[in-house]
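The primary structure of each chain is shown beneath.
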Amino acid sequence: MSSSSIVEELEARISGADLSSDQTKTGFISEVKDGVAKVIGITDVRAGEMLKITSKVGKIIDAVALNLNTDAIWVIILGASELVAEGDRVVLADKILSVPVGKAMLGRVVDALGNPIDGKGPIKADQENPIERPAPGVLDRKSVHQPLQTGIVAIDSMIPIGRGQRELIIGDRQTGKTAIAVDTMINQKDSDIVNIYVAIGQKESKIARLVSDLTDKGVMDKTVIVVAGASDPAAMSYIAPYTGAAIGEYFMDNSGHALVIYDDLSKHAVAYREISLLLRRPPGREAYPGDIFYLHSRLLERAAKLSDELGAGSLTALPIIETQAGDVSAFIPTNVISITDGQIYLETDLFNQGIRPALNVGLSVSRVGSSAQTKAIKNVAGQLRLDLAQYRDLAAFAQLASDLDAQTKAKLDRGQRIVEMLKQPQYQPYSLAHQVILIWVATNGFLDDITLDQVADFNQKLISYLDQKYLKLVDKIEASDMKGEEVNQLKEAVERFKREEMGGN
């Protein structure tokens, strides 16, 4: 038989083959390395679709398609990749990678696939959501107008966060980024907001301590913790944030409110870079792949305040980014800053000076949160910003001047007391009314005669005093504006406190 007739016969057989059968959905692994595998024989597959690998020892291991080439597909292995070998059979699962969602997830610690890892048994979830879905469109959204209180005076007054906002927490290692996120979660104890904490590449001991802290503070029962541990494959770190977003979207879609914290997206980007390099994708700046911006934008854009027609639910995102030596101009920090609605910038020098939270007010900004502030805190926050700005300018000038006039010295002294007032220990969030009171007291000169080392004690005693003897006034400030009547009552109460409790005039 001639070569041309052989080719004609092969072409006839191929054209007559039944490609609609399961033959296009079954294949074999031809290459495997470091958590990724090359699969041949499967042609009918979508990006993000799940596959089942049957290993030689009979164990079924999940994988997800990432690279779709003409001759083969590359998948990332979501499990024990050491059990996968060349020749293993692969079957298409006919579904996009999804995770369980619903109220049954509350109080649980799960892995990046939504499987429980807290030893409390299986989760009877309401439904499953795909980890990837398009972000709500412009017409599906409503402007951010409801506050999300962190309980941290410096943030709620000067860098406020609204429901549906994406506010970046950025700073060097060990500057208190996670502490701000945890305090915000604790402050939701009596609110209608559900917490989702996504730990990416974190040590298991840190997660155990977090679970213990949240349990002690009484908020673990309204929190979901998604863990991609430091010892887990890079694929799990890549998937974890999308799993957290999918869990949060369940509550948003059902007219609820959720707060999702991604700790941190620096490690997420590193995990994606590792996967991309293994998949032989061309590297770009800092060896990151070209779609690294899309990686985070498609995640963070899913945070939204939905329109009234869609139930008015919200998903608020607090991504965390770790900088190196304060370099916010690096590739990943600049990417995420451009995606988010503002940033809370934490500074190492301030942290080492004992200013906690170590918030750099000059570099921090909230682009939409001020429209979500209540009138009471908005009124007092304006004067606070002004006093702090004047203090920063004068403090720099005072280092060069040997002799200061009385007015300049008075402004410096007040600024120092305001900075002292803004110091706040971890796990001690303030209610809205308490924040308004503390800011008003500091900006109206009631701390001017208090020594710096007594400011914290003065504030604690004042709050306790007002809660005991002026509870109606505190409740009025919490519920509404600081109008003339409330201001006069508060002034009288503070003066009485200083006479009775502090021995003032």
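So, a few notes on the structure that sits alongside this text.

Rules used in this analysis
- Residues numbered from 1 in each chain as written.
- Predicted model: local features only at pLDDT ≥ 70, side-chain atom pairs only at ≥ 80, totals over all residues.
- Heavy atoms only, no water.
- Helix = DSSP H or I, 4+ residues; strand = E, 2+ residues; numbered from the N terminus.
- Expected span 1.5 Å × (residues − 1).
- Buried < 20%, exposed > 50% of the residue type's maximum accessible area, 1.4 Å probe, protein only.
- Arc of directions from axis to C-beta.
- Contact = heavy atoms within 4.5 Å.
- Salt bridge = Lys/Arg side-chain N within 4 Å of Asp/Glu carboxyl O.
- Axes fitted to C-alpha atoms, helices over the stretch in contact; angles between N-to-C directions.
- Left-handed = near helix turned anticlockwise from the far one by under 90°.
- Phe/Tyr/Trp six-rings, centres within 6.5 Å; stacked < 30°, edge-to-face > 60°.
- Lys NZ or Arg CZ within 6 Å of the ring centre and 35° of its normal.
- Pairing = 2+ DSSP bridges.

Right, let's talk about helix 4 (residues 204–216) for a bit. If you check helix 4, its first and last C-alpha atoms are 18 Å apart, about what 13 residues at 1.5 Å a residue would give, namely 18 Å. Every buried residue of helix 4 is accounted for by Ile-207, Leu-210, Asp-213 and Leu-214. Along the long axis of helix 4, the arc covered by the buried residues comes to 125°, so they all point the same way. Every exposed residue of helix 4 that faces more than 90 degrees away from the buried side is listed here: Arg-209 and Asp-216. Where helix 4 is buried, its residues meet helix 3 (177–186), strand 11 (193–202) and strand 12 (223–229). Following helix 4 by one or two positions, Gly-218 adopts a phi angle in the positive range, close to 80°.

The tally for this structure, following the rule as stated, stands at 28 salt bridges. Across the pair Glu-500 and Lys-469 runs a salt bridge whose closest N-O atoms are separated by 3.9 Å. With Glu-500 in helix 15 (residues 484–500) and Lys-469 in helix 13 (residues 455–469), this residue pair connects regions lying 31 residues apart in the sequence. Residues joined by salt bridges that share partners form a network here, namely Arg-133, Glu-249, Asp-253 and Arg-302.

Quick look at the packing of helix 7 (residues 292–300) against helix 8 (residues 331–339) now. Interaxial distance between helix 7 and helix 8 falls to 10 Å at its minimum, and their mutual angle equals 35°. Pair helix 7 / helix 8 crosses with right-handed handedness. Packed against helix 7, whose contacting residues are Ile-292, Phe-293, His-296, Ser-297 and Leu-300, the element helix 8 presents Phe-331, Ile-332, Asn-335, Val-336, Ser-338 and Ile-339 at the interface.

Following the sequence through the fold, Ser-237 ends up in helix 5 (residues 234–253). On the basis of relative accessible area, Ser-237 is assigned to the buried category, the value being 8%. Apart from the residues within four sequence positions on either side, Ser-237 is in contact with Ile-200, Gly-201, Ala-228, His-268 and Ala-271.

This next bit is on unusual backbone geometry. Between Asp-263 and the following residue, Asp-264, the backbone shows a cis peptide bond with an omega angle of -5°. Relative to the assigned elements, Asp-264 resides in the loop between strand 13 (257–263) and helix 6 (265–278). Although it is not a glycine, Gln-174 sits at a positive phi angle of roughly 60°. When you line up the elements, Gln-174 lands in the loop between strand 10 (168–171) and helix 3. Located in the positive-phi region is Ser-255, a residue other than glycine, with phi close to 65°.

A few words on the packing of aromatic side chains. Counting across every chain of the model gives eight aromatic pairs. Measuring from ring centre to ring centre gives 5.9 Å for Tyr-238 and Tyr-242, while their planes differ by 70°; the resulting arrangement is edge-to-face. Within this pair, Tyr-238 and its partner Tyr-242 are both found in helix 5, separated by four residues, close to a single helical turn. The burial state of Tyr-238 is the same as that of Tyr-242; both residues are buried. Taking the centre distance of 5.2 Å and the plane angle of 55° together, the rings of Tyr-465 and Phe-497 count as tilted. One end of the pair, Tyr-465, is in helix 13; the other, Phe-497, is in helix 15, with 32 residues separating them in the sequence. Above the ring of Tyr-288, the side-chain terminus of Arg-273 is found at 4.3 Å from the ring centroid. One Lys or Arg, Arg-356, reaches over the ring of Phe-351 and ends 3.8 Å from the middle of that ring.

The subject of this paragraph is the pairing of strand 16 (residues 342–346). When a strand is regular, its side chains alternate between the sheet's two faces. Extensive coverage of strand 16 is indicated by the burial of five of its five residues. Of the two faces of strand 16, the one carrying Gly-342, Ile-344 and Leu-346 and the one carrying Gln-343 and Tyr-345 are both buried. Sheet analysis places strand 10 next to strand 16, joined by four bridges and oriented parallel. If you follow Leu-168 over to strand 16, its bridge partner there is Gln-343.

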